[in-house]
Amino acid sequence: MRVELHLSLSASQRGELYHYTDKARALRMLRSGKLRLAIGQAMASEYAFMRGRIYSASFTRSRFGAFHMNLDYSSYDSVMLTFDGDKLSENYKIIPIDFFGDNGAQKRSKGKSEAEERLVSNKPEIDVIRYLKRVDFIRTPEAEETLTGSFLLQLKKHKIPYA
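Residues numbered from 1 in each chain as written. Predicted model: local features only at pLDDT ≥ 70, side-chain atom pairs only at ≥ 80, totals over all residues. Heavy atoms only, no water.

S.K.: Explanation requested: the overall build of the protein in the structure shown.
M.R.: Counting secondary structure elements, the protein contains five helices and nine strands. Ordered by position in the sequence, the α and β elements of the protein form the string β-α-β-β-α-β-α-β-α-β-β-β-β-α. Scored against the burial criterion, the 163 residues of the protein give a buried share of 37%. When the accessible surface of the protein is totalled, it reaches about 10,300 Å², and 51% of it is carbon and sulfur. (Helix = DSSP H or I, 4+ residues; strand = E, 2+ residues; numbered from the N terminus. Buried < 20%, exposed > 50% of the residue type's maximum accessible area, 1.4 Å probe, protein only. Areas by Shrake-Rupley, 256 points an atom, 1.4 Å probe, with all protein chains shown as cover.)

The following block contains the structure:
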C-alpha cells in the first residue's frame, strides 16, 4: 500500500489575528471594505522582513498583547478588529516578526518584547471586509464618544458581531 502526502504551500495556519486601531480608521475600513496599509519601515532592518514590499499592516495573535493593552492615551477611543487569519493568509503575505528575538531588528531589552504578524503588500490598501469576524470597542473612561452611530450601522450592514 502506497500513501502519498501532498502539502499546500499556498496558505499558512494563523488562526485569529487582531488589529488595533482608532474608530475613525476602522469606520473608513467598514465603509470602503478596504484596510489602508502603512508605508515604509520604522527601522532600516525592517526592509529585510518586508521582502521588497513597501506597504504593511501589523496584526497580533493575542487580543491582550502588551502593545495594545498598555498604550497610554488618556482619551483614546479605539477598536480591536478580529480577522480570520487563515483565510487572510491565503490571499496576502503574512510574515511573523519578533523585533527583539533571534531574527529581530533590535537588541532585546530587559522586560521588552515586540512580536507581530506583519501583512506585507505592494498595494496601499487591501480588501478585508470578508475576513473581519468581530469588532470590540475599547474605551478609557476619559475617551470622548464619537462615531458610534455610524460605526454600528456599518457593523449591522455587514453582519459583523461587536461588543
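S.K.: Explain the nonpolar core to me, please; I cannot follow it from the model alone.
M.R.: One broad trend across soluble globular proteins is that nonpolar side chains are buried collectively. With 25 residues, the main nonpolar core has Phe83 and Leu88 as its most contacted residues. Where this core is concerned, the elements lending two or more residues are helix H1 (23-32), strand E4 (55-59), strand E5 (77-84), strand E9 (132-139) and helix H5 (148-157). By residue number, the principal contributor to this core is H1, which donates four residues. Other than its neighbours up to four places away in sequence, phenylalanine 83 contacts Gly15, Glu16, Leu17, His19, Met29, Phe59, Leu88, Val128, Tyr131, Leu132 and Lys133. (Core = buried A, V, L, I, M, F, W, Y, C linked by side-chain atoms within 4.5 Å. Contact = heavy atoms within 4.5 Å.)

S.K.: I tried to follow H1 on my own but got confused; where do I start?
M.R.: Among all positions of H1, only Lys23, Ala26, Leu27, Met29 and Leu30 are buried. When H1 is viewed along its axis, its buried side chains cluster within an angular range of 160° and face the same direction. Two or three places before alanine 24, at the start of H1, stands the capping residue aspartate 22, its side-chain oxygen 3.0 Å from that residue's backbone nitrogen. At the C-terminal side of H1, glycine 33 shows a positive phi close to 80°. (Arc of directions from axis to C-beta. Polar contact = N/O pair within 3.5 Å; in protein donor to acceptor, adjacent residues only side chain to side chain.)

S.K.: When you look at the packing of H1 against H5 in this model, what are you seeing that I'm missing?
M.R.: Any two packed helices are characterised by how steeply their axes cross, that is the angle between the axes, and by the distance between the axes. Orientation of H1 relative to H5, taken along the N-to-C sense of each, is 35°, at an axis distance of 10 Å. Here the hand of the crossing between H1 and H5 comes out left-handed. Of H5, the residues touching H1 (which contributes Lys23, Ala26, Leu27, Leu30 and Arg31) are Thr148, Ser150, Phe151, Gln154 and Leu155. Its residues assigned to classes, the contact of H1 with H5 comprises five nonpolar, three polar and two charged. (Axes fitted to C-alpha atoms, helices over the stretch in contact; angles between N-to-C directions. Left-handed = near helix turned anticlockwise from the far one by under 90°. Nonpolar A, V, L, I, M, F, W, Y, C, P; charged D, E, K, R; others polar.)

S.K.: Can you walk me through the packing of aromatic side chains in this structure?
M.R.: As enumerated under the stated definition, the model contains three aromatic pairs in all. Between the aromatic rings of tyrosine 92 and tyrosine 131, the centroid separation amounts to 6.3 Å while the plane-to-plane angle is 85°, which identifies the pairing as edge-to-face. Pair noted here: tyrosine 92 is in the loop between helix H4 (85-91) and strand E6 (93-98) and tyrosine 131 is in the loop between strand E8 (125-127) and E9, with a separation of 39 residues, a long-range link. Relative accessible area serves as the criterion here: at 3%, tyrosine 131 is assigned to the buried category. Their ring planes at 90° and their centres at 6.3 Å tell us that phenylalanine 137 and tyrosine 162 sit as a pair that is edge-to-face. Taken as a pair, phenylalanine 137 in strand E9 and tyrosine 162 in the segment after H5 lie far apart in primary sequence, 25 residues in all. When its relative accessible area of 23% is taken as the criterion, phenylalanine 137 is described as partly exposed. Relative accessible area serves as the criterion here: at 34%, tyrosine 162 is assigned to the partly exposed category. (Phe/Tyr/Trp six-rings, centres within 6.5 Å; stacked < 30°, edge-to-face > 60°.)

S.K.: Explain the pairing of strand E1 (residues 16-22) here, please?
M.R.: Put simply, side chains in a regular strand alternate between the two faces of the sheet. Among the seven residues that make up E1, six are buried, leaving the element largely enclosed by the rest of the structure. Sheet topology places E1 next to E5; seven bridges connect them, and they run antiparallel. Note that in E5 the partner of aspartate 22 across the bridge is serine 78. (Pairing = 2+ DSSP bridges.)

S.K.: Would you mind going over H5 with me for this structure?
M.R.: An α-helical turn contains 3.6 residues, so any two residues separated by three or four positions project in the same direction. Within the sequence span of H5, burial applies to Phe151, Gln154 and Leu155. What you see down the axis of H5 is that its buried residues fit within an arc of 100°, all on one side. Of the exposed residues in H5, the ones pointing more than 90 degrees away from its buried face are Leu153, Lys156 and Lys157. Directly after H5, the chain includes lysine 159, whose backbone phi takes a positive value near 55°.

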